[in-house]
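Examining the three-dimensional arrangement
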Amino acid sequence: MKLNQNHNVIFYVLIALALMAALFYANPVRSADEEEKIAKVVWHVDFAEPRRFSSMLTSIFNMVTTYQNELMDYDVRIVLLSHGIRFVTEDKLKGTPFAEDKELAESRKNLMTRLNSLREVSGVKLALCEITRAAVKLDKEKIMPGVVLVPSGVVEVAKLQSDGFSYLKAY
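Described in the following lines is the structure provided in the data block. (Residues numbered from 1 in each chain as written. Predicted model: local features only at pLDDT ≥ 70, side-chain atom pairs only at ≥ 80, totals over all residues. Heavy atoms only, no water.)

1. Quick word on helix α4 (residues 102-122)
Since the α-helix turns once every 3.6 residues, residues separated by three or four places project in the same direction. With 21 residues, α4 should reach 30 Å at 1.5 Å per residue; the first-to-last C-alpha distance of 30 Å fits that figure. Along its length, α4 shows its largest kink, about 55°, at Arg 108. Its buried side turned inward, α4 meets α3 (50-69), β2 (74-80) and β3 (125-129). At the exit of α4 stands Gly 123, carrying a positive phi of roughly 75°. (Helix = DSSP H or I, 4+ residues; strand = E, 2+ residues; numbered from the N terminus. Expected span 1.5 Å × (residues − 1). Bend = angle between axes of the 7 residues up to and from the residue. Contact = heavy atoms within 4.5 Å.)

The structure is reproduced here in structure tokens:
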């Protein structure tokens, strides 16, 4: 009888060890090297051309789709400043250096829809320079939902680069 009890204890200990191993391998702790495998990219937008912005959105879509297909973690951000403000508001910005032109008027809805889709569906983060917003006196309520204001766009880009983000800009 004592032998059966010992076998039972050994059996339960082995089951417990097998469960612990399964849990460990199902949810492994990431090492510092594995943490660095997160693709971190910041896109810098300070230009006015809708066609250029459209091209950039296509590149970002292709980028995040590739990361998703490869099951990679990613953190993609778009920092807008100067003329980039045109792409995150429906305000025509009349009387400012960033005023809407014919090309933007024709493409704004499409561009904002695509940008919002990248944010909502793919988790791309958007930031707008507060210096730019304040300079043109644009009400915060007129900024596209989900856009975070940062004190300075160029400082945000530099900060992200120092945090290991790759820098990209559409040309």
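2. Structural notes on the nonpolar core
Formed by 34 residues in total, the largest nonpolar core has its most connected members in Phe 53, Met 56, Val 76 and Ile 78. Of all elements in the fold, only β1 (39-45), α3, β2, α4 and β3 reach the threshold of two or more residues within this core. Element by element, the count of residues in this core is highest for α3, at seven residues. Leave out the neighbours within four places in its chain, and Val 76 touches Val 41, Trp 43, Ile 60, Met 63, Val 64, Tyr 67, Gly 123, Val 124 and Lys 125. Counting nine residues, the second largest nonpolar core, distinct from the first, contains Val 150, Val 157, Leu 160 and Phe 165. (Core = buried A, V, L, I, M, F, W, Y, C linked by side-chain atoms within 4.5 Å. Buried < 20%, exposed > 50% of the residue type's maximum accessible area, 1.4 Å probe, protein only.)

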